[in-house]
Amino acid sequence: MIQKELRQLIEDIPKAEVHYHIDSVPPHLLLRFAERNKVKLPFDTLEGAKEYYKFKDLDEFLEVLQLTCSVIQTEEDYYEIALDSGREAKQQNIIYREAMFTYANDSHQGRGVAFETLMDGFSAGRKAVKEQYGVDLRFIAELDRTQSFERNMAAAKMYLEHKERFPLVAIGYDYAEMGYPACRHEEVFRYIKEHGMDRTAHCGEEVGPESVWESIRCQDVYRLDHGVRSIEEEKLIDYLVGKEMLLTVCPISNVLVGAYPSIQEHPVHDLMKRGVKVCLNSDDPAFFGLNLIDNFIQVADVFELTEADVIGLVRNALLYNFSGQEHLETIDNWLRSHNKEQYI
Ligand SMILES: [Zn+2]
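Notes on the structure in this doc start here.

1. Things to note about the overall build of the protein chain
Counting its regular elements, the protein chain contains 16 helices and nine strands. Here the C-alpha radius of gyration of the protein chain, 19 Å, is about what a compact globule of 344 residues would show, namely 20 Å. Buried residues in the protein chain amount to 49% of all 344 residues. Restricting to contacts in the protein chain with at least 6 residues of sequence separation, those with at least 24 account for 74%.

As structure tokens, then:
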């Protein structure tokens, strides 16, 4: 059982979340948008929506994601999604969030939504989130692994054109890992790098170390989203430790999509013990119904984390994110004012 003091620390400490999909719409927004945009859904109550959000594996999850994305249509919808994300972040004392979205597939672009619609809605939402909640919301535009080279190259060019106006902090890589090796898009990622944009990739979740090596080799990523199956190869772990490469780990998400049978069997603690830089994240809280604090509490409980472990996980997300260490001072000041400066 997690100690009361540790639970309080997890709740109160200013946090960052850098692996969070903002286009996974929470059920209450889904119903509102469906009504406003006259989209017929296979359910019409909050309970019905929650039931529909239950899935058995990553593929089924991606199917649900496609349907839920179909209700997002106007600039106002995107604005409200961002605003809701800020409100929810504030409740958890999250001060900085890197929010991912995947535009260039059937989720948004394929439905005929203009990139400007998404971008203007999210940008206005980001501004309101800063003003109303004091949360710094940044965006990572994702490329879909399963798409063709041509489509991803076109998407990368479009993202890069809008990088200042948005603002984007990185381009990421997402969707079904099995059967879609990262090196298919090597040239796209070289182009992104040449244009001065940071890169990250989902890998090492469905597929083992070879997929992580591909993202390192062919995408020259700064960090790894998930990357948890790196634990299966000693040499890879040594590499990650040596490079201080961050793994944005999402334990509850991994268990819910069936990558691991339980938190007990999840490698997050082994990765920490091996010295890999790890931070915790919720991934798709709208679907999983569990947020960043829930991830901290479950991991702390199962692996009997210490105060130092928890603070280390929190600081990693502020040390190795895509905005430099802009928000590190906030948490370090908080630690000083709570007599915990020994962890700085
Ligand atoms: Zn993810």
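2. Points about the sheet that holds strand β7 (residues 246-249)
If you trace the four strands from one edge of the open sheet to the other, you get β5-β6-β7-β8, paired in parallel fashion. Among the strands making up the open sheet, the edge pair consists of β5 (200-203) and β8 (277-280). Adjacent strand axes in the sheet meet at a mean angle of 25° when their direction is disregarded. Looking at chain direction, β7 and β8 are connected through four bridges and run parallel.

3. Some thoughts on the sheet that holds strand β3 (residues 136-144)
With parallel pairing, four strands are arranged side by side in an open sheet as β1-β2-β3-β4. Strands at the two margins of the open sheet, each flanked by one partner only, are β1 (15-21) and β4 (168-174). With strand direction ignored, the average angle separating the axes of adjacent strands in the sheet is 25°. Direction of pairing for β3 relative to β4: parallel, over a ladder of six bridges. Looking across to β4, one finds that L143 is bridged to Y173. Contacts from helix α15 (residues 307-319) reach β1 and β2 (94-101), with the element oriented near 70° to β1.

4. Considerations on the environment of S85
Following the sequence through the fold, S85 ends up in helix α5 (residues 75-91). Along the chain, S85 and M178 lie 93 residues apart, while their C-alpha atoms are 30 Å from each other. Sequence-distant contacts of S85, defined by excluding residues within four places in its chain, comprise I22, R97, A99 and L137.

5. Here we look at helix α6 (residues 115-133)
In a regular helix each residue adds 1.5 Å, so 19 residues correspond to 27 Å; α6 covers 26 Å between its end C-alpha atoms and thus fits that length. Within α6 the residues assigned to the buried category are L118, M119, G121, F122, S123, G125, R126 and V129. Along its buried surface, α6 packs onto α5 and β3. One or two steps after α6, the chain reaches G134, where phi turns positive at roughly 70°.

6. A few points about the packing of helix α7 (residues 149-161) against helix α8 (residues 186-194)
Put simply, α7 and α8 touch, their axes get as near as 9 Å, and they point 10° apart. Looking at the two axes, α7 sits roughly parallel to α8. Seen from α7, the contacting residues are F149, N152, M153 and A156; seen from α8, they are V188, Y191 and I192.

7. What to know about helix α4 (residues 58-69)
If you check α4, its first and last C-alpha atoms are 16 Å apart, about what 12 residues at 1.5 Å a residue would give, namely 16 Å. Of all the residues in α4, the buried ones are L58, F61, L65, T68 and C69. One side of α4 carries all its buried residues, which in axial view fall inside an arc of 95°. Facing away from the buried side of α4, by more than 90 degrees, are the exposed residues D59 and E63. If you follow the buried residues of α4, they end up packed against α2 (27-36) and α13 (285-288).

8. Examining the pairing of β3
Most of β3 sits out of view: eight of its nine residues are buried. Summarising the sheet, β2 and β3 pair through six bridges and their orientation is parallel. Following the sheet pairing, E98 is matched in β3 by R138.

9. Quick word on unusual backbone geometry
A positive phi angle, near 55°, is found at K38, a position not held by glycine. When you line up the elements, K38 lands in the loop between α2 and α3 (46-52). One non-glycine residue, D220, lies in positive phi territory at about 45°. Looking at where D220 falls in the secondary structure, it is placed in the loop between α9 (209-219) and β6 (223-226).

Calculation criteria
Residues numbered from 1 in each chain as written. Predicted model: local features only at pLDDT ≥ 70, side-chain atom pairs only at ≥ 80, totals over all residues. Helix = DSSP H or I, 4+ residues; strand = E, 2+ residues; numbered from the N terminus. Rg over C-alpha atoms; globule rule 2.2 N^0.38 Å. Buried ≥ 20, exposed ≤ 12 C-beta atoms within 10 Å, placed from the backbone. Contact = placed C-beta atoms within 7 Å. Pairing = 2+ DSSP bridges. Axes fitted to C-alpha atoms, helices over the stretch in contact; angles between N-to-C directions. Expected span 1.5 Å × (residues − 1). Parallel < 35°, antiparallel > 145°, perpendicular 65-115°, else oblique. Arc of directions from axis to C-beta.

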